[in-house]
Amino acid sequence: MNFTDFGFWPRFLICLALVWIFKGTALFLKKDLPGWFDRVVLASISLYLLASVGALTFGIFLLLASLAYVGILLLSVIPKDKRWLFLSFYIPVLLIPLIYYKYHSFVAEEILGWSKDTFNAILIPAGISFYTFQKIAILVDAARLDSYRPKLLDFANFASFFPQVVAGPIERKEELMPQMERFRFTCNWDNLNAAAPWLALGFFYKLCLADNLSPFINRDDMASAWPILFTTFLFGLKIYFDFCGYSLIALGLARLLGVTLTLNFRSPYLSANIRDFWRRWHVSLSYWFRDYVYIPLGGSRTRYWWAGLLLVFLLSGIWHGAGWCFLLWGALHGIYCVVSHVTKDHIRLPSPVGWAITMVLVFAAWLPFYETRWPVLSHKLAILCSSSSYSSSLLRQYAMSFDSWHYLPITLLIILSLATFTAEAFCSRKKDHYGYANHPVAIIILITLTVWFGSTKGNDFIYFSF
Amino acid sequence: MLALLAGLVVSYLLGAIYSLWINPEIRFWKEAYKQKIEWAKKISKTGHPKLVFIGGSSTAFQIDAGLLTASGLPAVNMGMHAGMGTKANAAFGLNAVRPGDTVIWAFEKGRMAAPPQVTDLGYQALLSTGLLFQRGIESLALEHIDWIEAIESLRPGLAHTASMIAKLIHGGYLYRYQTNLIREGGSITTDERRPVSKAEINQMSPNAITLQWVGMMSAALNSQDSSSAYLIPQEFYQPVDKEAGQMQNRVFLDELSQTLKVVNDPFLGVQTNAECFADTTSHLTEAARLERTRGLIPLLTPFLEIKKQ
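Computed from a predicted structure; not experimentally measured. (Residues numbered from 1 in each chain as written. Chains lettered and ligands numbered in written order. Predicted model: local features only at pLDDT ≥ 70, side-chain atom pairs only at ≥ 80, totals over all residues. Heavy atoms only, no water.)

Colleague: I'd like a rundown of the pattern of salt bridges, residues and numbers included.
Modeller: Here the structure, examined in full by the defined rule, presents 23 salt bridges over all chains. Across the pair Glu286 of chain B and Arg183 of chain B runs a salt bridge whose closest N-O atoms are separated by 2.5 Å. Pair noted here: Glu286 of chain B is in helix H13 (residues 286–308) and Arg183 of chain B is in the loop between helix H10 (158–170) and helix H11 (208–223), with a separation of 103 residues, a long-range link. Using a relative accessible area of 26% as the deciding quantity, one classes Arg183 of chain B as partly exposed. One salt-bridge network, held together by shared partners, links Lys206, Asp211, Lys238 and Asp242 of chain A. (Salt bridge = Lys/Arg side-chain N within 4 Å of Asp/Glu carboxyl O. Helix = DSSP H or I, 4+ residues; strand = E, 2+ residues; numbered from the N terminus. Buried < 20%, exposed > 50% of the residue type's maximum accessible area, 1.4 Å probe, protein only.)

Colleague: Which residues make up the sheet that holds strand S2 (residues 75–77) of chain B, and what values do they have?
Modeller: Residue and element names in this part refer to chain B. Pairing within the open sheet is parallel, and its four strands lie in the order S2-S1-S3-S4. A strand with exactly one partner marks an edge of an open sheet, and here the two such strands are S2 and strand S4 (227–230). Direction aside, neighbouring strands of the sheet carry axes that sit 20 degrees apart on average. Judged from the five bridges that link them, strand S1 (residues 51–55) and strand S3 (residues 102–106) form a sheet pairing that is parallel. By the bridge assignment for S3, Val52 is matched with Val103. (Pairing = 2+ DSSP bridges. Axes fitted to C-alpha atoms, helices over the stretch in contact; angles between N-to-C directions.)

Colleague: Mind laying out a nonpolar patch on the surface, listing which residues take part and the relevant values?
Modeller: Nonpolar side chains collect at one region of the surface, where Leu5, Leu8, Val9, Val10, Leu13, Leu14, Ile17, Trp21 and Ile22 of chain B lie side by side and expose about 830 Å² of accessible area between them. Structurally, Trp21 of chain B is set in helix H1 (residues 2–22). (Patch = residues over 30% accessible without salt bridge, like charges linked within 9 Å, V, L, I, M, F, W, Y side chains within 5 Å. Areas by Shrake-Rupley, 256 points an atom, 1.4 Å probe, with all protein chains shown as cover.)

Colleague: Tell me about the interface of chain B and chain A, and name the residues and values.
Modeller: With 23 residues of chain B at the interface, the matching set in chain A holds 26 residues. Taken together, both faces of the contact between chain B and chain A bury some 2100 Å²; the carbon and sulfur share is 77%. Looking at the side of chain B facing chain A, the largest losses of area belong to Met1, Arg155 and Leu158 of chain B, adding up to 34% of the total buried there. Remark: the boundary between chain B and chain A carries zero salt bridges. Secondary structure elements with two or more residues in the side of chain B that touches chain A: H1, helix H9 (147–152) and H10 of chain B. Sorting elements by how many residues they give to the side of chain B that touches chain A places H1 of chain B first, with nine residues. Across the side of chain B that touches chain A, the residue classes break down as 14 nonpolar, six polar and three charged. (Contact = heavy atoms within 4.5 Å. Buried area = accessible area lost by both parts, 1.4 Å probe. Nonpolar A, V, L, I, M, F, W, Y, C, P; charged D, E, K, R; others polar.)

Colleague: Provide a residue-level description of the nonpolar core, including the pertinent values.
Modeller: Formed by 156 residues in total, the largest nonpolar core has its most connected members in Phe155, Tyr205, Tyr240, Tyr269, Trp366 and Tyr434 of chain A. Grouped together as the second largest cluster of nonpolar side chains are 63 residues, Tyr33, Ile43, Ala96 and Leu154 of chain B included. (Core = buried A, V, L, I, M, F, W, Y, C linked by side-chain atoms within 4.5 Å.)

Colleague: I'd like a description of the side chain of Thr57 of chain A, backed by residues and values.
Modeller: Along the chain, Thr57 of chain A falls in helix H3 (residues 55–77). Contacts of Thr57 of chain A, omitting those with residues within four sequence positions, involve Leu50, Pro125, Ala126 and Tyr131 of chain A.

Colleague: Would you mind going over unusual backbone geometry in detail, with residue names and values included?
Modeller: Residue and element names in this part refer to chain B. A positive phi is found at His144, a non-glycine position, where the angle reads about 60 degrees. By secondary structure assignment, the location of His144 is in the loop between helix H8 (138–141) and H9. By relative accessible area, His144 is classed as exposed at 75%. The phi torsion at Leu268 lies on the positive side, around 50 degrees, for a residue other than glycine. Among the structural elements, Leu268 can be located in the loop between helix H12 (242–256) and strand S6 (270–271). We classify Leu268 as buried; its relative accessible area is 10%.

Colleague: Go over the packing of helix H1 (residues 8–28) of chain A against helix H2 (residues 37–51) of chain A with me, naming the residues and quoting the values.
Modeller: Residue and element names in this part refer to chain A. Put simply, H1 and H2 touch, their axes get as near as 11 Å, and they point 165 degrees apart. Classified by the interaxial angle, the pair formed by H1 and H2 is roughly antiparallel. When you trace H1 past H2, the crossing you get is right-handed. Note on element contacts: H2 touches H1 through Phe37, Asp38, Val41, Ile45, Tyr48 and Leu49, opposite Phe8, Arg11, Phe12, Cys15, Val19, Phe22 and Lys23. Among the residues making up the contact of H1 with H2, the classes are represented as ten nonpolar, no polar and three charged. (Parallel < 35°, antiparallel > 145°, perpendicular 65-115°, else oblique. Left-handed = near helix turned anticlockwise from the far one by under 90°.)

Colleague: Explain the environment of Thr102 of chain B to me, using residue names and the numbers behind them.
Modeller: Residue and element names in this part refer to chain B. Examined against the element boundaries, Thr102 turns out to sit in strand S3. Overall, Thr102 belongs to the buried group, its relative accessible area being 0%. Between the C-alpha atom of Thr102 and that of Gly66, which follows or precedes it by 36 residues, the distance is 16 Å.

Colleague: Go over empty space enclosed by the protein, please, and point to the residues and values.
Modeller: Residues and elements named next belong to chain A. According to the stated counting rule, one finds two cavities of 30 Å³ or more in the structure shown. Its volume calculated, the largest cavity comes out at about 40 Å³. Lining of the largest cavity is provided by Phe130, Tyr131, Gln134, Ala159, Gln164, Val165, Gly168, Pro169 and Ile170. At the level of secondary structure, the elements contributing two or more residues to the lining of the largest cavity comprise helix H5 (128–144) and helix H7 (162–165). In terms of residues, the lining of the largest cavity owes the most to one element, H5, which gives three residues. Tallied by class, the residues present in the lining of the largest cavity amount to six nonpolar, three polar and no charged. (1 Å grid on protein atoms, 1.4 Å probe; cavity = no way out; pocket = protein on both sides within 12 Å on 5 of 7 lines; lining within 4 Å. Points joined across faces, edges and corners; volume = space filled by probe spheres on them.)

Everything listed here is a matter of coordinates, which is why it stays silent on function.
Put into structure tokens, the structure is as follows:
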């Protein structure tokens with residue numbers, strides 16, 4: 001479900017209005033509604049909105065959620081010492097749809113060398129990577145507890161809670177489940193006021209910044225190193241504003257309903273080192289890999305911690321997409337992190353220098369992330385490695401290729417992005433990420449910029465394809 | 001939340017006010033449209049059928065309706081900004097048509113090869129003139145209009161704002177064309193001169209949906225005793241590309257002639273003299289416009305004579 005799509009909001013608001021009317025009528029007639037009413041309605045709304053995404057997404061989601069719930073019930077009756085054996089069979093079963101839909105063609109064509117015509121293009125269910133990982137997490141958490149049997153209704157709400165189901169944050173049991181268990185529809189100013197800054201900022205990031213940057217990302221200009229560098233820079237901005245924007249809207253939607261979700265981004269482009277970056281970028285996925293892959297592999301206490309770290313980032317790369325380029329992106333970040341860990345006690349850099357190096361490394365790694373055509377990527381890397389590609393005449397030639405319709409909006413977008421980062425930096429110092437959006441004046445400015453400049457060209461969120 | 005809702009409503013209203021009444025681009029084209037319609041009404045009052053040229057800005061810069069009228073061919077140039085989209089251009093033009101008139105479709109080749117559309121600028125212009133709500137023959141051009149898109153369009157937009165900021169900093173005019181350069185009959189001219197680049201040689205075919213759309217409007221015109229034909233606008237080609245350009249345009253016009261009558265312009269849309277162009281590859285200078293219009297008189301005369309018979 002795309003929160004910036006016009007189709008989403010009427011559906012959501014009509015559902016909400018019906019709930020208020022029903023609850024208001026019950027209150028007026030002094031009739032008590034049963035305790036489960038709100039939770040049944042929430043599950044119904046979530047499932048309805050998920051079904052509106054598409055039959056395949058809905059079907060695969062139901063299958064995985066059912067398997068996960070059955071798995072939890074089975075775990076509660078299996079002795080503790082046998083649970084890990086059970087999970088070693090059951091988790092691969094949960095992964096089958098993800099592997100089939102997302103990786104089959106990569107494995108068949110790139111690894112097994114089969115012809116490209118072996119499979120017809122298969123549509124990937126939206127958000128499959130997100131909800132598969134969430135289900136694995138709750139199964140592992142359940143195996144660690146003595147006996148965990150959530151009520152079906154609470155589990156349904158936990159698994160399907162619509163603001164987070166399609167593109168995260170990958171919420172954990174301990175955070176979301178208690179909120180689902182005591183969920184009530186309450187219409188009050190506190191919820192509305194808590195939601196407003198996140199919605200205003202999320203829409204501004206997505207519609208005004210990310211979507212307006214899209215037309216300027218020209219992946220096919222390889223005349224010199226300059227267009228490749230500039231496109232990579234713009235893509236780095238776009239992916240942040242796109243995914244962070246989505247996550248902030250999700251947060252705002254959840255707050256409207258009185259639910260708090262994980263802040264998935266914490267001003268990552270202000271990170272002073274690469275470890276810090278991964279504590280700020282797609283936080284719920286980073287922590288998922290830490291808790292369910294890295295630590296079970298021994299974490300930082302084993303001699304081969306670096307191998308565990310590399311594996312985590314390779315898995316993170318392949319989680320994002322089936323392709324060698326995504327693996328390269330993961331490998332680069334794995335190497336960055338290993339080097340950062342090894343050198344952290346020996347090299348102390350001033351913060352601005354550390355920040356600059358981190359940003360160069362992060363933005364350089366975006367190249368294989370957006371350029372997923374391997375031969376084209378090789379060609380671009382060859383251009384970037386050639387000193388003749390950086391001549392000032394080529395830079396002039398590239399600058400001249402922009403007409404006023406290009407350089408004026410792009411300049412305005414870069415100014416807006418820098419202003420945003422400055423505001424983020426101001427708030428980050430007080431650990432109040434994105435706190436600048438809390439002020440009513442800031443909300444008005446953000447909404448005004450979104451209404452006046454926001455693109456309506458229907459760009460999907462990048463992370464929908466993951 | 002109050003700040004969010006208030007911001008949403010107020011910023012939308014301010015954006016809409018700007019888009020409908022303050023935007024210099026809209027103000028210019030609104031004024032141009034007003035003058036064109038006044039001219040059309042003036043001619044209609046004489047009781048003679050007239051030629052109505054419908055197209056984008058290349059039409060506005062290439063056809064001198066004042067000269068045609070003075071030469072015995074009553075005409076109005078309804079060419080508007082191509083950036084409004086073909087549907088908007090057609091709606092503006094059709095509003096000037098009265099029974100018995102002849103419509104000369106003069107959309108650029110590239111726009112005939114693409115599906116018909118209305119852009120944000122088109123919606124703004126249609127709403128600011130009230131044309132979007134009219135139910136005459138012009139509404140035929142606007143069938144299947146997306147009202148959500150129309151509502152969404154009432155915002156200044158990033159590219160427009162960036163260019164306005166640059167113009168304000170740079171000084172000078174806020175829109176490149178001025179209303180004092182709108183000529184009698186509806187043609188437009190400019191004193192600005194920019195080097196023109198050559199047109200690309202690539203074969204295009206008329207878009208099937210556009211053909212169907214133009215065909216539907218032409219049928220409706222026929223039913224009210226009006227007729228229509230297509231005239232290809234001139235575009236700048238390098239002298240070496242003249243033959244290739246004319247060849248591809250001939251093929252294009254042959255395909256088009258299966259649906260529409262075509263004005264047999266011997267230039268076939270190719271002009272190789274760069275001096276004839278003002279600020280784009282399809283905007284003729286005033287002198288070149290008069291020259292081209294004189295050349296068109298014998299070609300267009302039969303269309304009105306047929307009507308008179």
